[in-house]
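Listed below are the residues making up each chain.
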Amino acid sequence: MSRRISPVIPGFGLTLGYTLVYLSLIVLIPLAVMFIHASQLSAVQFWNIVTAPRVLAALKLSFGTAFCAAIINGIIGTLLAWVLVRYTFPGRKIIDAMIDLPFALPTAVAGIALTALYAPNGFIGQFAADLGIKIAYTPFGITLALTFVTLPFVVRTVQPVLADIPREVEEAAACLGAKPLQVFRYILAPALLPAWLTGFALAFARGVGEYGSVIFIAGNMPMKTEILPLLIMVKLDQYDYTGATAIGVMMLLVSFVLLLLINLLQRRIETPN
Amino acid sequence: MSDSSLIAASSANAARRGSAVSRRILIGLGWLVFAFFLLLPLVVVIGQGLSNGLGGFFAAILEPDALSALKLTVFAVLISVPLNVVFGVAAAWCVSKYSFRGKAILVTLIDLPFSVSPVIAGLIYVLMFGARGVFGPWLQDHDIQIVFALPGIVLATIFVTVPFVARELIPLMQEQGTQEEEAARLLGANGWQMFWHVTVPNIKWGLIYGVVLCTARAMGEFGAVSVVSGHIRGVTNTLPLHVEILYNEYNHVAAFAVASLLLILALFILLLKQWSEARISRLRKNAAEE
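Residues numbered from 1 in each chain as written. Chains lettered and ligands numbered in written order. Predicted model: local features only at pLDDT ≥ 70, side-chain atom pairs only at ≥ 80, totals over all residues. Heavy atoms only, no water.

Per an unreviewed UniProt entry, the recorded name for chain B is Sulfate transport system permease protein CysW, and the organism is Pseudomonas graminis. Per UniProt, the comment on chain B under Function (unreviewed entry) is "Part of the ABC transporter complex CysAWTP (TC 3.A.1.6.1) involved in sulfate/thiosulfate import. Probably responsible for the translocation of the substrate across the membrane." Reading the Subunit (unreviewed entry) entry of the UniProt record for chain B gives the comment "The complex is composed of two ATP-binding proteins (CysA), two transmembrane proteins (CysT and CysW) and a solute-binding protein (CysP)." (UniProt positions renumbered as here; feature names shortened; annotations may be inferred.)

Taking an unreviewed UniProt entry as the reference, chain A is identified by name as Sulfate transport system permease protein CysT belonging to Pseudomonas graminis. Per its UniProt entry, chain A bears the Subunit (unreviewed entry) comment "The complex is composed of two ATP-binding proteins (CysA), two transmembrane proteins (CysT and CysW) and a solute-binding protein (CysP)." We quote the UniProt Subcellular location (unreviewed entry) comment for chain A here in full: "Cell membrane".

Right under this line is the structure:
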């Protein structure tokens, strides 16, 4: 390892050593143990576990709802960031401070609160039920819970970038005859896209793994509303460690590939041509 | 106010008047999203928690199982947060003060726990320390229990909160550079004097911010802790797990009362966060003016 050490600032060996030891003990070795445990399976066995119909249904549900929630957040997150950065209005500071509530609130609390709201006898759920719409105990309810839990990601990544774009740029475009939608399409969207994608990826990754807020509102019906993390939990309860491990490894690999793709997309956007 | 800023302000005002209608619609939509997504769940938790009156509320919170869950949550927070503070400072120090090969990989590894599902975080410790895990037989021989006991809960909590402090400190310390530390060294301070008298005051608010976020997550962690806790009432139950048990027993009022307690803590954490954030931006502004 080649390194340039600042000649007068001490502590490189100590801090790097401590960081590596701590990370290894808490994060890397335990994760490696999971992969080693999974490698005891033959490729065929692994494939059979992760392509069982119940696992595939959970896979589709988890990634699908996390994707929808990230998209919804991409829209309302951008809206909130825009309103908070560009306008001053009564209550702006309160909204700005409360955006982070989903990060501060324990997910289990969010889960039971949303269930109380959207269950068929809940405050909002009963009106939806009158219209024949079921929210809780369906994929729609799961998406709603994930949208809540990941709400701050897009807002907090887009907000600083938006604040850095001088208003004059938009005004100049408007003076030159651009319509508001054109200003958005040609001026704002390209500047915001990298940050937006970062927020989207963070929300998506968090949504795929989220457990606490979802299990209350999901209903947890196998094949229908059972998410991947719950399936790992079910396998563990049945002492099927191998099955749980295989699903865990598959989940990590799929998330990793998706995040890599988003990262590549981002690089492509950031480097001109 | 200078002339140029007056002109800028008036042209901005003109632009604002021009889009007054869309402005109103967007602010309205913003409020709607806020009320619908953030305010409503909050009101429901408190409302349901109080639906049997204040007496029922306090009875649920002061009941022995709830109190022991509170104790365990505080215990897990008090161990995991300081450990991650020391780690965060050390990691931010080596990442921000030196350049070395593999730094980008190290930063990615520090962030890794954020992209791992909490359930997997619990699973890996079961595979390590569970009865059939790697160290399971050895631990059994020595009569040490990690999973389904306190150490497992603490370990899982540490795992999910590893990145918080480091993540806040790295950009802050990179911005500050090494000049002040170098000056302290040249004036004769030893390593620890430099750290305590120069670095710590500089990163204080970033550190507090990281601690606040770390505490919030440690206090509320559910999935990871749920896997390794074993759900033994009054023994290995944290507050969020206690909420789940009460809820699944259809004891909704008690569940929401305990949830209200967590909600109040969350709001308090938001306040602290706001406060430390304001201090950081004030410091940044001062630094920019100098």
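From this point, the narrative continues.
K.L.:
Which parts of the structure should I look at to understand the overall build of chain A?
P.N.:
Secondary structure assignment for chain A yields 14 helices and one strand. When the backbone C-alpha atoms are referred to their principal axes, chain A occupies close to 70 × 65 × 35 Å. Here chain A, with 273 residues, has 53% of them falling under the buried criterion. Sequence-distant contacts, at least 24 apart, represent 75% of the contacts inside chain A between residues at least 6 apart. Carbon and sulfur atoms form 69% of the exposed surface of chain A, whose accessible area is close to 12600 Å². Distance between charge centres in chain A, computed from 17 positive and 12 negative side chains, equals 6 Å. (Helix = DSSP H or I, 4+ residues; strand = E, 2+ residues; numbered from the N terminus. Buried < 20%, exposed > 50% of the residue type's maximum accessible area, 1.4 Å probe, protein only. Contact = heavy atoms within 4.5 Å. Areas by Shrake-Rupley, 256 points an atom, 1.4 Å probe, with all protein chains shown as cover. Lys, Arg positive; Asp, Glu negative; His and termini not counted. Charge placed at Lys NZ, Arg CZ, Asp CG, Glu CD.)

K.L.:
Could you clarify how one ought to interpret the UniProt feature "transmembrane region" (unreviewed entry) in chain B in this entry?
P.N.:
All names here are of chain B. The sites that UniProt annotates as "transmembrane region" (unreviewed entry) are residues 25–50, 70–93, 105–126, 146–166, 207–232 and 252–272. Secondary structure content for residues 25–50 is 96% helix and 0% strand, while the C-alpha to C-alpha distance between its ends is 35 Å. For the annotated span residues 105–126, helix accounts for 73% and strand for 0% of the residues, and the straight-line distance between the end C-alpha atoms is 27 Å.

K.L.:
I keep staring at the packing of helix α14 (residues 241–270) of chain A against helix α6 (residues 118–129) of chain B and nothing clicks. Help me out?
P.N.:
Two numbers describe how α14(A) lies on α6(B): the axes approach to 11 Å, and their chain directions differ by 135°. As judged from the angle between their axes, α14(A) and α6(B) are oblique. Of the two elements, α14(A) crosses α6(B), and the hand of that crossing is left-handed. Contact residues: α14(A) offers Tyr241(A), Ala244(A), Thr245(A), Gly248(A), Met251(A) and Leu252(A), while α6(B) offers Ile120(B), Leu123(B), Val126(B) and Leu127(B). The residue inventory of the contact of α14(A) with α6(B), partitioned by class, reads eight nonpolar, two polar and no charged. (Axes fitted to C-alpha atoms, helices over the stretch in contact; angles between N-to-C directions. Parallel < 35°, antiparallel > 145°, perpendicular 65-115°, else oblique. Left-handed = near helix turned anticlockwise from the far one by under 90°. Nonpolar A, V, L, I, M, F, W, Y, C, P; charged D, E, K, R; others polar.)

K.L.:
Sorry if this is basic, but what is going on with the interface of chain A and chain B here?
P.N.:
Taken together, the 85 residues of chain A in the interface contact 88 residues of chain B. Counting each side, the surface lost to burial between chain A and chain B is near 7600 Å², with a carbon and sulfur contribution of 79%. Between chain A and chain B we count one salt bridge in total. Salt-bridge contacts for Asp100(A) lead to Lys273(B); the nearest nitrogen and oxygen are separated by 2.5 Å. The biggest single contributor to the side of chain A that touches chain B is helix α1 (residues 12–39) of chain A, with 17 residues. Here the residues of the side of chain A that touches chain B are counted per class, giving 64 nonpolar, 15 polar and six charged. (Buried area = accessible area lost by both parts, 1.4 Å probe. Salt bridge = Lys/Arg side-chain N within 4 Å of Asp/Glu carboxyl O.)

K.L.:
I'm lost on the packing of aromatic side chains in this one. Help?
P.N.:
Working definition: an aromatic ring pair is given by the centre-to-centre distance plus the angle between the planes. Overall, the coordinates contain 27 aromatic pairs over all chains when judged by the stated rule. Where Tyr211(A) meets Phe222(B), the ring centres are 5.8 Å apart and the plane angle is 25°; that geometry is what we call stacked. Remark: Phe222(B) occurs in the loop between α11 (191–220) and α12 (223–229) and Tyr211(A) occurs in the loop between α11 (180–209) and α12 (212–218); the pair is interchain, linking two chains. On the basis of an interplanar angle of 85° and a centroid distance of 5.5 Å, the ring pair of Phe36(B) and Phe37(B) is categorised as edge-to-face. Here Phe36(B) falls in the partly exposed class, since its relative accessible area comes to 35%. What links up through ring pairs into an aromatic cluster is the set Phe63(A), Phe67(A), Trp196(A), Phe200(A) and Phe204(A). Over the ring of Tyr186(A) we find Arg185(A), and its NZ or CZ is 4.8 Å from the ring centre. Seen from the ring of Trp93(B), Lys97(B) lies directly overhead, with NZ or CZ sitting 5.5 Å from the centre. (Phe/Tyr/Trp six-rings, centres within 6.5 Å; stacked < 30°, edge-to-face > 60°. Lys NZ or Arg CZ within 6 Å of the ring centre and 35° of its normal.)

K.L.:
Would you mind going over the confidence of the model for chain B with me for this structure?
P.N.:
Detail in the predicted coordinates should be disregarded across regions flagged by low pLDDT. Residues with a pLDDT of 70 or more make up 92% of chain B, whose mean pLDDT is 88. Prediction confidence for the complex, expressed as pTM and ipTM, is 0.89 and 0.88 respectively. (pLDDT = per-residue confidence, 0-100.)

K.L.:
Looking at this structure, how should I read the UniProt feature "transmembrane region" (unreviewed entry) in chain A?
P.N.:
All names here are of chain A. This chain's UniProt record puts "transmembrane region" (unreviewed entry) on residues 12–38, 58–85, 97–119, 131–155, 186–205 and 241–265. Between the first and last C-alpha atoms of residues 131–155 the distance is 32 Å; the span itself is 64% helix and 0% strand. Between the end C-alpha atoms of residues 186–205 there is a gap of 29 Å, over a span that is 100% helix and 0% strand.

K.L.:
Explain the environment of Ala255(B) here, please?
P.N.:
Mapped onto the elements, Ala255(B) comes out in helix α14 (residues 252–289). For Ala255(B), a relative accessible area of 0% translates into the label buried. In this structure, the C-alpha to C-alpha distance between Ala255(B) and Tyr98(B), residues 157 residues apart in sequence, is 49 Å. Ignoring sequence-local partners within four residues, the contact set of Ala255(B) consists of Ile112(A), Val243(B), Leu246(B) and Tyr247(B).

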